[in-house]
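In case you want the letters, here they are:
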Amino acid sequence: MKIGDINLEGVPLFLAPMEDVTYKSFRWMCKKFGADVMYTEFISSEALVRDIEKTKMKMHLFEFDRPVAIQIYGHNIDSMVRAAQVAEEFQPDFLDINFGCPMKKIVRHGAGSAMLKDLPKMQQMAAEIVKAVKIPVTAKTRLGWTESDKPIAEAAERLQDAGIQALAIHGRTREQLYTGVADWTLIGEVKNNPKIHIPIIGNGDINSGKKAKQLLDETGVDALMIGRGAIGRPWLFREVKHYLATGNELPQPSVSEVVETLKEQMRLNLEWRDNERSGILMMRRHFAKYFPGLPNFRELKIKLLRAETNAEVHTILEKIVEEYGSFQLDFSTASLK
């Protein structure tokens with residue numbers, strides 16, 4: 001698979017861009033466990049045009065990230081073109097356009113998955129961005145707006161015509177948000193459309209190596225994208241790669257092993273944040289996902305989610321190891337919400 005001059009061997013695994021999730025420490029952990037391609041959190045074009053420093057900080061990249069994309073979103077074509085040029089200055093390997101975010105704060109302004117309701121504008125925006133930058137441009141989108149409005153086949157052809165060099169498709173509509181089950185049928189139809197020549201990346205509900213192999217076999221997509229399944233479980237990339245290579249599932253880590261991984265992620269996060277408390281607060285979403293299915297764990301989980309200092313977190317983690325260290329976690333029924 002190629003994106004511009006970027007050569008990706010085998011079945012590459014992409015870490016999906018996620019707001020307040022795919023910041024640097026989490027990207028590091030996913031890369032460590034086998035993710036091939038990184039994305040930043042998605043970036044507001046209007047904030048870039050206004051030169052908001054907090055937004056620009058999200059685009060700071062590291063060598064471990066590569067190959068890496070900066071993803072931008074917005075509804076105004078001129079602002080998106082300018083934002084693309086600003087993002088290019090941060091030297092990502094490619095630029096990605098967010099045509100898929102379903103969140104109300106994004107779609108109410110006509111951005112994200114709302115672009116699926118105006119395919120000519122989506123195509124024009126993509127074409128203008130492709131012309132404005134020298135690096136490859138890709139896009140990420142969904143099947144459609146509602147169950148009865150799924151224009152992904154037409155959208156894919158239009159984006160290819162606009163010069164997009166790869167397309168990631170999440171197998172849900174905007175209406176679904178993150179509920180229900182991702183439908184990969186249309187993803188497969190896009191991939192197998194003889195008019196489509198760009199790589200297609202499948203996304204949605206990958207929570208095991210076995211599931212990844214099933215979806216890959218059913219659709220023939222060029223690459224797989226993992227999002228929420230990796231939150232609190234960055235080693236999922238390693239599991240998927242192992243299963244694709246061998247047909248065997250790796251055993252789940254023990255609680256002690258998970259705690260060591262969590263400590264590393266937290267240490268890196270605290271190094272990259274400007275103060276301890278903000279670094280801890282950013283980790284809470286991850287804390288909530290790291291220990292599914294442990295019996296009588298509610299009290300310790302609440303303490304972990306309420307901790308505000310590094311010392312507090314470490315004390316709680318040591319207590320978790322003391323009580324559950326040898327337990328083997330079961331992520332098979334863990335929620336992806």
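Here the structure is a predicted model, which means the values were calculated and not measured.

## Some details on the pattern of salt bridges
No. 1: Tallied over the full model, the rule gives 21 salt bridges.
No. 2: The salt bridge involving Arg-66 is made with Glu-63; its shortest N-O contact spans 3.4 Å.
No. 3: Here Arg-66 falls in the partly exposed class, since its relative accessible area comes to 24%.
No. 4: Since its relative accessible area comes to 63%, Glu-63 is described here as exposed.
No. 5: In this structure, Lys-319 engages Glu-322 in a salt bridge whose closest nitrogen and oxygen atoms are separated by 4.0 Å. Placement of both Lys-319 and Glu-322 in helix 14 (residues 310-324) is noted, with a separation of three residues, approximately one turn of the helix.
No. 6: Salt bridges linked by common partners bring Glu-63, Arg-66 and Asp-93 together as one network.

## Details of a nonpolar patch on the surface
No. 1: Nonpolar side chains collect at one region of the surface, where Met-103, Leu-177 and Tyr-178 lie side by side and expose about 230 Å² of accessible area between them.
No. 2: Judged by its relative accessible area of 30%, Tyr-178 falls in the partly exposed class.

## Quick notes on the packing of aromatic side chains
No. 1: Enumeration according to the criterion identifies 13 aromatic pairs in this entry.
No. 2: Look at Phe-33 and Trp-235: their rings are 6.3 Å apart centre to centre, the planes differ by 75°, and that puts the pair in the edge-to-face class. With Phe-33 in the loop between helix 1 (24-32) and strand 4 (38-44) and Trp-235 in the loop between strand 10 (223-226) and helix 10 (236-246), this residue pair connects regions lying 202 residues apart in the sequence. Summarising the burial analysis for this pair, Phe-33 and Trp-235 share the class buried.
No. 3: The interplanar angle of 55° and the centroid separation of 5.6 Å between the aromatic rings of Phe-291 and Phe-297 together place this pair among those described as tilted. Both residues of the pair, Phe-291 and Phe-297, belong to the buried class.

## Structural notes on unusual backbone geometry
No. 1: Residue Pro-67 is reached from Arg-66 by a cis peptide bond, and omega for that bond is -5°.
No. 2: In this fold, Pro-67 is placed in the loop between helix 3 (53-57) and strand 5 (68-73).
No. 3: The phi dihedral of Gln-91 falls on the positive side, at around 60°, and the residue is not glycine.
No. 4: Residue placement: Gln-91 occurs in the loop between helix 4 (77-88) and strand 6 (94-99).

## Details of the sheet that holds strand 9 (residues 200-203)
No. 1: Across the sheet, which stays open at both edges, the eight strands sit in the order 3-10-9-8-7-6-5-4 with parallel pairing between neighbours. Bordering the open sheet on either side are strand 3 (13-15) and strand 4, each of which pairs with just one other strand. The average undirected angle you get between the axes of adjacent strands in this sheet is 30°.
No. 2: Pairing of strand 7 (residues 137-144) with strand 8 (residues 167-173) involves five bridges; the strand directions are parallel. Residue pairing for strand 8: Ala-139 is matched across the bridge by Leu-167.
No. 3: Most of the contacts of helix 1 go to strand 4, to which it runs at about 155°, and overall it touches strand 3 and strand 4.

## A short note on the nonpolar core
No. 1: Counting residues in each nonpolar core, the largest one holds 65 residues, and the members touching the most others are Ile-72, Ile-97, Phe-99, Ile-129 and Ile-200.
No. 2: The dominant element in this core, judged by the number of residues it contributes, is helix 4, at seven residues.
No. 3: In this structure, Phe-33, Leu-268, Ile-280 and Leu-300 belong to the second largest nonpolar core, which totals 27 residues.

## Brief notes about helix 11 (residues 255-272)
No. 1: Helix length check: helix 11, at 18 residues, gives a terminal C-alpha distance of 26 Å against a target of 26 Å (1.5 Å per residue), a fit within 8%.
No. 2: Of the residues making up helix 11, those classed as buried are Val-255, Val-258, Val-259, Thr-261, Leu-262, Lys-263, Glu-264, Gln-265, Met-266, Leu-268 and Asn-269.
No. 3: Of the surrounding secondary structure, the elements contacted by the buried residues of helix 11 are helix 1, helix 12 (276-287) and helix 14.

So, how was this worked out
Here the residue index of a chain counts from 1 through its sequence in written order. This being a predicted model, a pLDDT of at least 70 is required before a residue's local features are given, and a value of 80 or more before pairs of side-chain atoms are given or counted; all residues contribute to the totals for chains, interfaces and linings. Computation of side-chain values covers all heavy atoms of the structure but excludes hydrogens and water. Just to be clear on terms, a salt bridge is a Lys or Arg side-chain nitrogen sitting within 4 Å of an Asp or Glu carboxyl oxygen. For each residue, the accessible area found with a 1.4 Å probe, counting protein chains only, is set against the maximum for its type, and the residue is called buried under 20%, exposed over 50%, and partly exposed in between. The helix count covers DSSP runs of H or I at least four residues long, the strand count covers runs of E at least two residues long, and both are numbered beginning at the N terminus. Residues with no salt bridge and a relative accessible area higher than 30% make up the patches, which join like charges within 9 Å and nonpolar side chains (Val, Leu, Ile, Met, Phe, Trp, Tyr) within 5 Å. For the accessible areas, the method is Shrake-Rupley and the probe is 1.4 Å, while residue cover comes only from the protein chains on display. Only Phe, Tyr and Trp rings take part, Trp by its six-membered ring, and two of them pair if their centres are within 6.5 Å. Stacked means planes under 30 degrees apart, edge-to-face means over 60, and tilted covers everything else. One bridge is not enough; two strands pair if DSSP finds at least two bridges between them. Helix axes use the C-alpha atoms of the stretch in contact, all axes being lines fitted to C-alpha atoms, and the angles between their N-to-C directions lie in the range 0 to 180 degrees. Contacts were defined at the residue level, with two residues in contact if any of their heavy atoms lie within 4.5 Å. Nine residue types can take part in a nonpolar core, namely buried Ala, Val, Leu, Ile, Met, Phe, Trp, Tyr and Cys, and a core is a set of them joined through side-chain atoms within 4.5 Å. Given a helix with a known number of residues, its expected span is that number minus one, times 1.5 Å.

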